[in-house]
Amino acid sequence: MDGDRMARYLISDHHFGHANIIDYCDRPFTSVGEMDTVMLDRYYETVDTDDVLVHLGDVAMDMQDGRETIERFGQLDGDLLVRGNHDVGLTASQAPFPVVDSCVLDHRGYSFYCVHRPEAVPETWDGWVIHGHHHNNDLETYPFLASDDRRINVGAEILEYRPITLDAIVDILDDSERGDRLRRRDDAK
């Protein structure tokens, strides 16, 4: 990472504190404590304090009042939360950070519609989509990169629990060919 330049990172679906996600997504952890520690360690190893984190939802399993999402997102020093289906307890007015349903990020000639569920993308959108929600449960339909569908899945499992920069995404897109489908981020050239 170039120490003189801020980077924008993306990831989704950490599900901090969520025991059932370990089995549901076949995560390589034996406990919630181990999972949460590894995910935080990988975050801090990857993201510098002056970088920007755009989280595409499901920070935690917070269906009640938003407190857990606020606490966990604070541990990540997150900058923008695109609300996921497990962040429903959080309202934008109670959060000390911006909370939106979607956003558009422009980077090096690409426009990315960022949303938790790819099914929520407007039909009129003709750029790339960066999403979460589907984890690693249907990599045939929702792999890391589906170039023909112009879609990128940044689920935590697919990224080995390490956020990815927009620069890295664009580099992968620039190196990809029509029809490329990469199941995981590590499958990129």
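Novice: I'd love a proper account of the environment of Arg8, names of residues and values included.
Specialist: With respect to the helices and strands, the residue Arg8 is situated in strand β1 (residues 8-11). The class of Arg8 is partly exposed, set by a relative accessible area of 24%. A polar atom in the side chain of Arg8 sits 3.1 Å from the side chain of His107.

Novice: Talk me through the sheet that holds strand β6 (residues 110-115); I want residue IDs and the actual numbers.
Specialist: Strand order in the open sheet formed by six strands is β5-β6-β7-β9-β8-β11, with mixed pairing between adjacent strands. Each edge of the open sheet is held by one strand with a lone partner, namely β5 (102-107) and β11 (181-182). When strand β8 (residues 145-146) meets β11, the two strands line up antiparallel, connected through two bridges. Paired with Leu145 across the strands is Leu182, a residue of β11.

Novice: I'd like to hear about unusual backbone geometry, residue by residue, with values.
Specialist: Even without glycine at this site, Asp58 takes up a positive phi of about 60°. Mapping Asp58 onto the fold places it in the loop between β2 (52-55) and α3 (67-75). Owing to a relative accessible area of 1%, Asp58 belongs among the buried residues under this scheme. Positive phi is not limited to glycine here, since Asp77 has a value of about 50°. Tracing the backbone shows Asp77 in the loop between α3 and β3 (80-82). Residue class for Asp77 comes out partly exposed when judged on its relative accessible area of 47%.

Novice: So what about the sheet that holds β3? Which residues, and what values?
Specialist: Read from one edge to the other, the open sheet built from five strands follows the order β4-β3-β2-β1-β10, with strand pairing classed as mixed. Looking along the sheet, the strands with just one partner apiece sit at the ends: β4 (99-100) and β10 (164-165). Relative to β10, β1 runs antiparallel, the two being bridged by two bridges. Among the inter-strand pairings, Leu10 is bridged to a residue of β10, identified as Ile164.

Novice: Before we move on, can you summarise the nonpolar core with the specific residues and values?
Specialist: Most often, soluble globular proteins keep nonpolar side chains buried together rather than apart. Counting 53 residues, the largest nonpolar core has Leu10, Val54, Phe112, Ile130, Phe144, Ile152 and Ile169 as the members making the most contacts within it. Considering every element that reaches this core, the biggest residue donor is helix α4 (residues 166-175), with six residues. Contact partners of Phe112, with chain neighbours within four places excluded, come to Cys103, Val104, Leu105, His107, Trp125, Trp128, Ile130, Ile152, Leu166, Ile169, Val170 and Leu173.

Novice: Tell me what's going on with the environment of Phe112, and back it up with residues and numbers.
Specialist: Here Phe112 lies in strand β6. With a relative accessible area of 0%, Phe112 lands in the buried category. Expressed as a C-alpha distance, the spacing of Phe112 and Ile130, which sit 18 residues apart in the sequence, is 6.3 Å.

Novice: So what's going on with helix α2 (residues 32-46)? Residues and values would help.
Specialist: Relative to the 21 Å expected for 15 residues at 1.5 Å per residue, α2 spans 21 Å between its end C-alpha atoms, a close match to the ideal helical length. Among the residues making up α2, those that are buried are Met35, Asp36, Met39, Leu40, Tyr43 and Thr46. Within α2, the buried residues cover an arc of 135° as seen down the axis, which keeps them to one side.

Novice: Describe the pairing of β6, and please don't skip the residues or the numbers.
Specialist: Among the six residues of β6, five are classified as buried, and the element is accordingly described as predominantly covered. Of the strand pairs in this sheet, β5 and β6 are connected by six bridges, and their pairing is antiparallel. Bridge pairing in β6 links Ser102 to Val115. With antiparallel pairing between neighbouring strands as the criterion, β5 and β6 make up a hairpin whose turn holds two residues, including Arg108 at a positive phi of roughly 50°.

Reading guide: rules and limits
- Residues numbered from 1 in each chain as written.
- Predicted model: local features only at pLDDT ≥ 70, side-chain atom pairs only at ≥ 80, totals over all residues.
- Heavy atoms only, no water.
- Helix = DSSP H or I, 4+ residues; strand = E, 2+ residues; numbered from the N terminus.
- Buried < 20%, exposed > 50% of the residue type's maximum accessible area, 1.4 Å probe, protein only.
- Polar contact = N/O pair within 3.5 Å; in protein donor to acceptor, adjacent residues only side chain to side chain.
- Pairing = 2+ DSSP bridges.
- Core = buried A, V, L, I, M, F, W, Y, C linked by side-chain atoms within 4.5 Å.
- Contact = heavy atoms within 4.5 Å.
- Expected span 1.5 Å × (residues − 1).
- Arc of directions from axis to C-beta.

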